[in-house]
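Per-entry structural report
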Amino acid sequence: MPYTNRELMARIIQCEAGGEGDNGMRAVASVIMNRTTVPYGQFFRELHGDVRAAILQAGQFTCVKEVVGGQYNPQNIYNMNPLEIHYDIADWALTGGILGAVADCLWYYNPFQPTCGSFFPPGNTGVIFTRIAQHCFYTPTQKYAQT
């Protein structure tokens, strides 16, 4: 049986940001929801407001991949066992909650270093907006609108 949107969201929150505290988990959930509501660009054309499509979109989240670099990825959404906090944040996001600290960010990543790059993803479609815990968050540039 496929996961509900709530279950899928709880699993991605736990997997992508489970160790980042409430704000880190809310920030990740906000980015996913932002992708479903952005009114232009690639996510608008490809996702059509679908939360499941945003989470499962190919190449977007390491936690959705069972194999990374030719090796089994044990930290994937299928191995997660979300706790009540993950469901609470999923419910918050799915009912319209957006963490103001990430505004309209569409991307994030963990650089595994103390500084964030100025642009992400490649192609300069996102510009650094903030950092929360270990993740850098990026808002769309004008270039993104043309994707």
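Located above this text is the structure these notes cover.
Parameters at a glance
Residues numbered from 1 in each chain as written. Predicted model: local features only at pLDDT ≥ 70, side-chain atom pairs only at ≥ 80, totals over all residues. Heavy atoms only, no water. Buried < 20%, exposed > 50% of the residue type's maximum accessible area, 1.4 Å probe, protein only. Helix = DSSP H or I, 4+ residues; strand = E, 2+ residues; numbered from the N terminus. Pairing = 2+ DSSP bridges. Disulfide = S-S within 2.5 Å. Core = buried A, V, L, I, M, F, W, Y, C linked by side-chain atoms within 4.5 Å. Contact = heavy atoms within 4.5 Å. Expected span 1.5 Å × (residues − 1). Axes fitted to C-alpha atoms, helices over the stretch in contact; angles between N-to-C directions. Parallel < 35°, antiparallel > 145°, perpendicular 65-115°, else oblique. Left-handed = near helix turned anticlockwise from the far one by under 90°. Nonpolar A, V, L, I, M, F, W, Y, C, P; charged D, E, K, R; others polar.

**So, the pairing of strand β5 (residues 135-140)**
- Among the six residues in β5, six count as buried, and that is most of the element.
- With three bridges joining them, strand β3 (residues 107-109) and β5 adopt antiparallel strand pairing. Bridging from a neighbouring strand, Tyr108 pairs with Phe137 of β5.
- If you look at the hairpin formed by strand β4 (residues 126-132) and β5, you'll find two residues sitting between the two strands, and Ala133 has a positive phi there, around 55°.

**A closer look at the state of the cysteines**
- Under the criterion given, the structure shown has two disulfides.
- Shown here is the disulfide that connects Cys15 with Cys63, its sulfur atoms set 2.1 Å apart. Looking down the S-S bond of the Cys15 and Cys63 bridge, the torsion is -85°, so its handedness is left-handed. Placement of Cys15 in helix α1 (residues 5-17) and of Cys63 in the loop between α4 (51-56) and β1 (67-68) is noted, with a sequence separation of 48 residues between them. Just as Cys15 is buried, Cys63 falls in that class too.

**Quick word on the nonpolar core**
- In terms of nonpolar packing, the biggest core is built from 40 residues, with Met9, Ile12, Ile32, Ile55 and Phe137 touching the most fellow members.
- Listed by contribution, the elements that provide at least two residues to this core are α1, α2 (21-37), α3 (41-47), α4, α5 (84-94), β3 and β5.
- Ignoring anything within four residues of it in the chain, the contact list for Ile12 reads Ala17, Ile32, Ile55, Phe61, Cys63, Val64 and Ile77.

**Quick look at α1**
- Under the 1.5 Å per step criterion, the end-to-end length of α1 is 17 Å for 13 residues, consistent within 8% with the ideal 18 Å.
- Burial analysis of α1 places eleven of its 13 residues in the buried class, the great majority of the element.
- Residues Glu7, Leu8, Met9, Ala10, Arg11, Ile12, Ile13, Gln14, Cys15, Glu16 and Ala17 constitute the buried set of α1.
- Tucked inside the fold, the buried residues of α1 contact α2, α4, α5, β3 and β5.

**Concerning the packing of α2 against α5**
- Packing of α2 against α5 leaves a shortest axis separation of 10 Å and a crossing angle of 40°. The orientation of α2 relative to α5 falls into the category oblique. Judged by the sense of rotation from one axis to the other, the crossing of α2 with α5 is right-handed. Across the interface between the two elements, Asp22, Met25, Arg26, Ala29, Ser30 and Met33 from α2 touch Ile85, His86, Ile89, Trp92, Ala93 and Leu94 from α5.
- By residue class, the composition of the contact of α2 with α5 is eight nonpolar, two polar and two charged.

**Structural notes on the packing of α1 against α2**
- Where α1 contacts α2, the axes come no closer than 9 Å and their chain directions differ by 125°. In terms of their interaxial angle, α1 and α2 are classed as oblique. Of the two possible hands of crossing, α1 and α2 adopt the one that is right-handed. Mapping the contact onto sequence places Met9, Ile12, Ile13, Glu16 and Ala17 in α1 and Gly21, Gly24, Met25, Val28, Ala29, Ile32 and Met33 in α2.
- Of the residues contributing to the contact of α1 with α2, the split by class is nine nonpolar, two polar and one charged.

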